[in-house]
Amino acid sequence: MKKKLVFLMLGNALLLGFLGGCSASLEEQKNTAFDIKNIFEKENLAPIVVVGSGPAGLMASVYGARGGKETFVIEGNEPGGLLMKTTEVANWPGETMIEGPQIIAKLRAQAEHQNVTFVQDHVAHIDTDRWPYTIHLESGKKINALTIIIATGAEPRMLNVPGEQEYWGGGVTACAVCDAPFFKDEEVVVVGGGDSAVEEAIQLSPFAKKITIFVRKGEMRAAHSMQERLKGYPKIEVKYNVEIQKILGDLENVTGVELYNNKDKKVELFQTTGVFLAVGHIPNSSFVQGTLKTDPEGYIVVDRRKTSVAGIFAAGDIADKVYRQAGTSAGSGIEAALDSVQFLDDNGYTNQVAQQIKTQLFSENDIALQSNDLHELSSMEELTALVTNNPDQLVVIDFWTETCSSCKQMISLLKESIDEFDGSIIFASVDADEAVDIASTYNVMKVPALITLKKGVVQDKFTGFLGKKELRGYLEKQLAEGHLEA
Ligand code: NAP
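The residue numbering used here restarts from 1 in each chain and proceeds along that chain's sequence as written. Local features in this predicted model are restricted to residues whose pLDDT is 70 or higher, and side-chain atom pairs enter the listing and the counts only when it is 80 or higher, whereas totals over whole chains, interfaces and linings include all residues. The side-chain figures draw on all heavy atoms in the structure; neither hydrogens nor water molecules are used.

A.B. asks: Could you give me a rundown of helix α2 (residues 55-66), with the residues and numbers involved?
C.D. replies: Secondary structure elements are defined from DSSP: runs of H or I of at least 4 residues count as helices, runs of E of at least 2 residues count as strands, and each element is numbered from the N terminus. What a helix is expected to span follows from its residue count: subtract one and scale by 1.5 Å. Here α2 spans 16 Å end to end across 12 residues, near enough to the 16 Å set by a 1.5 Å rise per residue. Relative accessible area decides the class of each residue, using a 1.4 Å probe on protein chains only: under 20% of the type maximum gives buried, over 50% gives exposed, and in between gives partly exposed. Restricting attention to buried positions, one finds in α2 the residues Pro 55, Ala 56, Gly 57, Leu 58, Met 59, Ala 60, Ser 61, Val 62, Gly 64 and Ala 65. Of the surrounding elements, those touching the buried residues of α2 are β2 (45-51), β3 (71-74), α3 (100-113), β6 (117-119), β9 (142-150) and α7 (326-346). In the segment just after α2, Gly 68 is the residue with positive phi, at about 85°. We call two residues in contact whenever any of their non-hydrogen atoms come within 4.5 Å of each other.

As structure tokens, this is what we get:
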């Protein structure tokens, strides 16, 4: 059984009492002329555009729509964000235990209930020279936005060593707040030399038997005061000049690491059951670099939820390197939406104006999927016929079930890829609970799962959720491998 890592929302970070936010301050805002008359000659208007569809983005959309303003969510390449990759969440408000993708499915359903429009696209850049602001989407479409809420999150930085992906959720994690209780009386390691590494180690100390911090340099980067705090925790030891080369395990859980000492050049086997990464985060802010004020690490600088451009707000991890919790993100999304609604009210976006521009709104028809050519298979006979009729193409089968919310997200991403891979791949979907013969033929025990067939023979099998970018990468890899063998 894989060690299940749980995502806890309200962290010891609060208990430990460190406060702060982005260190850079928002001295002044860029104010463009907000003349409501400007909007009447524009097409593709949107009063509120939320960029990002994690908890911050979804809650912002709920409040935007509840505030009576038409709200659009640009979902991004990985709809749902980091929670889509989280197994169980133990302290999402009101839930004793819930899966990350389920939280997203519920928030999304709530947003859909409020008539929020979801746009399956990615923002390339935002032009703030004139108001309304122009959002340029990767598809080439443009939206004229009256207000924008950026909620694109941040990703934990990875070590990129063998075993890291394989044992992710089986002992490798980037969240001590979430997973520390699973390592009771175990020996664990924290990787990193910054303030986060110190925080993570301290958060682990009530649970783990021994915590070793691996620092790659001869000294820690963490603040002196933080390093001093470590002295009060005898279970924590710091090892300098060491780098993990490889994470080892027993197929399910981590059992140790191969540790390289860059001073004496020796490699040792270090036994551990948990590897906590604290090597920094990468905020997803490249598309606003030069447009909005960011700090040296790329986090958007905010004053409450306001960014450096009036009418543009930021919520969630993109503007928060301290708390980084799903609950705090959702809360900041709510704040950003309330600010957006206030901004619209303050600048003359009345109910009457809303009525007047109804036909100029960004239209759902423009964004409807172009193709729905997904073969829904219900038996082995149908699959055999599909393979026989398409001997020169790869067949990618997406296995799903009715109760799997991440499966539904993945199917809609797969549908988007159909046009992109125009005819070079045949796409099929299988309800693993219904078409039991197909599922058992390919030994599909978990969903979502992808099977790639070449001339009816399995070329690849993958189990798990893939975001848009990863899915595209997966399909490109299948095509490349398929051609090599051809
Ligand atoms: P950070 O300050 O960027 O530190 C990252 C650490 O990871 C550095 O020691 C770095 O090593 C190490 N590292 C990076 N890549 C690595 C790799 N591949 N292998 C091994 N080590 C690697 O990140 P952070 O600690 O997450 O802190 C981020 C920001 O939040 C900072 O401004 C911090 O002050 C703030 N923060 C504050 C608190 C607090 O006030 N209590 C708590 C948490 C975070 P090198 O030093 O060798 O580059």
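A.B. asks: Outline the pattern of salt bridges, listing residues and values.
C.D. replies: Salt bridge, as used here, is a side-chain nitrogen of Lys or Arg placed within 4 Å of a carboxyl oxygen of Asp or Glu. On inspection of all chains with the given rule, the structure shows 13 salt bridges. The salt bridge partner of Lys 231 is Glu 228, with a shortest N-O separation of 2.8 Å. Via salt bridges that share partners, Glu 75, Arg 108 and Glu 112 belong to a single interconnected network.

A.B. asks: Report on the site of the ligand, specifying residues and quantitative values.
C.D. replies: Around the ligand, the surrounding shell holds 18 residues, and the nearest of these are Gly 193, Asp 195, Ser 196, Arg 216 and Arg 221. Take Gly 193: an N or O atom from its main chain is 2.9 Å from an oxygen atom of the ligand. Side-chain atoms alone can form a polar contact between residues adjacent in sequence; in general such a contact is a pair of N or O atoms within 3.5 Å, and within protein one must be able to donate a hydrogen while the other accepts it. Contact between the ligand and Gly 194: an oxygen atom at 3.3 Å from a main-chain N or O atom of the residue. Accessibility throughout is a Shrake-Rupley quantity obtained with a 1.4 Å probe, and a residue counts as covered only by protein chains that appear here. Isolated, the ligand exposes 920 Å² of accessible area, and the fraction of that covered by the protein chains is 80%. Looking at the shell around the ligand element by element, the count peaks at 3 residues for helix α5 (residues 195-204). Gly is put with the polar residues, along with every residue not named as nonpolar or charged; the nonpolar set is Ala, Val, Leu, Ile, Met, Phe, Trp, Tyr, Cys and Pro, and the charged set is Asp, Glu, Lys and Arg. Residue classes in the shell around the ligand are distributed as 6 nonpolar, 5 polar and 7 charged. One heavy atom suffices: a residue is near a molecule or strand as soon as one of its heavy atoms comes within 4 Å of it.

A.B. asks: Account for the domain arrangement of the protein chain, with residues named and values stated.
C.D. replies: Each assigned domain of the protein chain is listed here: domain 1 (22-155 + 281-360), domain 2 (172-277) and domain 3 (375-485). A C-alpha centroid distance of 33 Å is found between domain 1 and domain 3. Taken together, the contact pairs 12 residues of domain 1 with 11 residues of domain 3. The term buried area denotes the loss of accessible surface (1.4 Å probe radius) that occurs when two parts are joined, taken as the sum for both partners. Together, the buried faces of domain 1 and domain 3 total about 1,000 Å²; carbon and sulfur atoms form 53% of this surface. These domain boundaries are the output of an automatic or database domain assignment.

A.B. asks: Can you break down the sheet that holds strand β18 (residues 274-277) residue by residue, with the values?
C.D. replies: What the 5 strands build is an open sheet, ordered β11-β18-β12-β13-β14; its pairing is parallel. For this open sheet the edge positions go to β11 (172-173) and β14 (236-239), each flanked by a neighbour on one side alone. Note that strand β12 (residues 187-191) and strand β13 (residues 210-214) share 5 bridges and pair parallel. Bridge pairing in β13 links Val 191 to Phe 214. Against the sheet, α5 contacts β12, β13, β14 and β18, and its axis sits at roughly 165° relative to β12. Strand pairing is assigned whenever DSSP identifies at least 2 bridges connecting the two strands. Note on geometry: axes are C-alpha line fits, over the in-contact stretch for helices, and angles between N-to-C directions span 0 to 180 degrees.

A.B. asks: Hey, could you go over the sheet that holds strand β17 (residues 267-271) for me, with residue numbers and the actual values?
C.D. replies: The sheet built from 3 strands is open, its strands ordered β15-β16-β17 with antiparallel pairing. Bordering the open sheet on either side are β15 (242-249) and β17, each of which pairs with just one other strand. Across the sheet, the mean angle separating the axes of adjacent strands is 25° when strand polarity is ignored. Note that strand β16 (residues 254-261) and β17 share 5 bridges and pair antiparallel.

A.B. asks: Which residues make up helix α11 (residues 405-420), and what are the values?
C.D. replies: Each α-helix winds once per 3.6 residues, and so residues spaced three or four apart point in a common direction. Its 16 residues place the ends of α11 24 Å apart at the C-alpha level, agreeing with the 22 Å of an ideal helix rising 1.5 Å per residue. Residues of α11 that are buried include every one of Ser 405, Ser 406, Cys 407, Gln 409, Met 410, Ile 411, Leu 413, Leu 414, Glu 416, Ser 417 and Ile 418, and no others.

A.B. asks: How would you explain the pairing of strand β23 (residues 425-431) if you had to name every residue and give the values?
C.D. replies: Buried residues dominate β23, accounting for 7 of its 7 residues. Residues Ile 425, Phe 427, Ser 429 and Asp 431 of β23 are buried on one face, and the alternating residues Ile 426, Ala 428 and Val 430, pointing to the opposite face, are buried as well. Relative to β23, strand β21 (residues 375-377) runs parallel, the two sharing 3 bridges. From the neighbouring strand, Glu 376 faces β23, where its bridge partner is Ser 429. Sheet analysis places strand β22 (residues 394-400) next to β23, joined by 7 bridges and oriented parallel. Bridged to Trp 400 within β23 is Asp 431.

A.B. asks: Provide a residue-level description of a positive patch on the surface, including the pertinent values.
C.D. replies: Here a patch means residues that are over 30% exposed by relative accessible area and free of salt bridges, tied together within 9 Å if like-charged and within 5 Å if nonpolar (Val, Leu, Ile, Met, Phe, Trp, Tyr). Charge assignment: positive for Lys and Arg, negative for Asp and Glu; neither His nor the chain ends contribute. Note that the charge is assigned to NZ on lysines, CZ on arginines, CG on aspartates and CD on glutamates. A cluster of basic residues, Arg 157, Arg 216, Lys 217 and Arg 221, forms a positive patch on the protein surface. Along the chain, the position of Arg 157 falls in the loop between β10 (154-156) and β11.

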